[in-house]
Amino acid sequence: MSAIHKAVLAEVAEHGYAGTTYDGVAARAGTSKPVLYRRWPTKAAMVLDASLEASPGLTLPPDTGSLSGDLKAFLRTAQSMMERAGRQTLLSLLAELDRSAGESLRDLLFARGADIIEPLLDRARARGELGDSPLPPRVITLALNLVRHEVVIVGALTEETLDIIVDEIAVPLLTSRSLRGTPGSA
C-alpha cells in the first residue's frame, strides 16, 4: 500500500470522512494537493481507492457442509469488513460518489461478491443441493446485497436477520432457480 493510501486511511481514522481533507492527506503523505487532485478528482474517489487498496479482500470460507452454512460464514466475514470501514464513512462516501464512480463501485462489489459466492455454489452443486443450471448474477449476489443494506443503511445485522436472509430468501431462491433449470439474467 502506498504512502498516500496510508495517509488517506489515517486521516479518515483520525478525523472521520467529513473531516478528511486534501490538505491533511497531502501533509501526512509528504506530497502536494495537485498530486492528489491529478489522481483523484474527488475526496470520495480518493477514500474509495485507499479503502479498496487496504481491503484484505473476501476469501472463500471453509466448507461447512451446507449452502446455508457456507453463505452465513461468507456473509459474516463481509459484515465484519463493512463494519471495520465504518457505517458513517460508508454512508458519506456513497453520498458523494458521482455517477461514474458509483457505477464502478457497484460493478466492483458485484464482481468481488460473485467471485466468492460462485465457489460456494459449486460446493453446493457437488453436494446435490443445487442443479447445474446457470444462475443470474443478481440472484447470486442477492444475499450479499441484503447484508450490505442491513449493515450500511439499517445500521446493524442481527443473527436473526442473517438467518432470514440466508434461509428464507437466498437459499430458497438459489435452489428453486437452479433446480428448475431457469437460465437467464435478472
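1. Quick word on the confidence of the model for the protein
The pLDDT averaged across the protein works out to 86; a share of 90% of its residues lies at or above 70. Contacts from residues 181–186, a stretch scored under 50 in pLDDT, to residues over four places away or in other chains number 11 contacts.

2. Observations regarding the packing of helix H1 (residues 3–19) against helix H2 (residues 22–29)
Here H1 crosses H2 at 125°, and the two axes come no closer than 8 Å. Accordingly, the angle class assigned to the pair H1 and H2 is oblique. Note that H1 runs across H2; the crossing there is right-handed. Between H1 and H2, the residues in contact are Ala3, Ile4, Ala7, Val8, Ala10, Glu11, Glu14 and His15 and Gly24, Val25, Arg28 and Ala29, respectively. Across the contact of H1 with H2, the residue classes tally to seven nonpolar, two polar and three charged.

3. What about helix H6 (residues 87–96)?
For H6, the full list of buried residues reads Thr89, Leu90, Ser92 and Leu93. Seen end-on, H6 carries its buried residues on one side only, within an arc spanning 165°. Opposite the packed face of H6, turned more than 90 degrees from it, sit the exposed residues Gln88 and Ala95. In this fold, the buried residues of H6 make contact with H1, helix H4 (43–54), helix H5 (67–85) and helix H9 (142–154).

4. Here we look at the packing of aromatic side chains
Throughout the structure, instances matching the rule amount to one aromatic pair. When the centroid spacing of 3.8 Å and the interplanar angle of 20° are considered together, the rings of Tyr22 and Tyr37 count as stacked. Taken as a pair, Tyr22 in helix H2 and Tyr37 in helix H3 (residues 33–39) lie far apart in primary sequence, 15 residues in all. The exposure class assigned to Tyr22 is buried, which follows from its relative accessible area of 10%.

What counts as what
- For every chain, the first residue of the written sequence is number 1, and numbering continues from 1 onward in sequence order.
- Side-chain atom pairs in this predicted model are given and counted only at pLDDT of 80 or more, local residue features only at pLDDT of at least 70, and totals for whole chains, interfaces and linings cover all residues.
- With hydrogens and water stripped out, all remaining heavy atoms of the structure feed into the side-chain values.
- pLDDT is defined as a per-residue confidence score from the predictor, taking values between 0 and 100.
- The criterion used for residue contact is that any of the two residues' heavy atoms lie within 4.5 Å.
- Note on geometry: axes are C-alpha line fits, over the in-contact stretch for helices, and angles between N-to-C directions span 0 to 180 degrees.
- Helix and strand assignments follow DSSP, with helices taken as H or I runs no shorter than four residues and strands as E runs no shorter than two, numbered in order from the N terminus.
- Throughout, the term roughly parallel applies to angles under 35 degrees, roughly antiparallel to angles over 145, roughly perpendicular to angles from 65 to 115, and oblique to all others.
- Here a crossing is taken to be left-handed if its near helix is turned anticlockwise relative to the far helix by less than a right angle, and right-handed if that turn runs clockwise.
- All amino acids are sorted into three groups, where Ala, Val, Leu, Ile, Met, Phe, Trp, Tyr, Cys and Pro are nonpolar, Asp, Glu, Lys and Arg are charged, and the leftover types, Gly among them, are polar.
- Accessible area is worked out with a 1.4 Å probe on protein chains only. A residue is then buried under 20% of its type maximum, exposed over 50%, and partly exposed in between.
- Our arc is simply the arc of the directions from the helix axis toward the C-beta atoms.
- Working definition: a ring pair exists when centres of Phe, Tyr or Trp rings (six-membered ring for Trp) sit within 6.5 Å. Plane angles under 30 degrees give stacked, over 60 give edge-to-face, the rest tilted.

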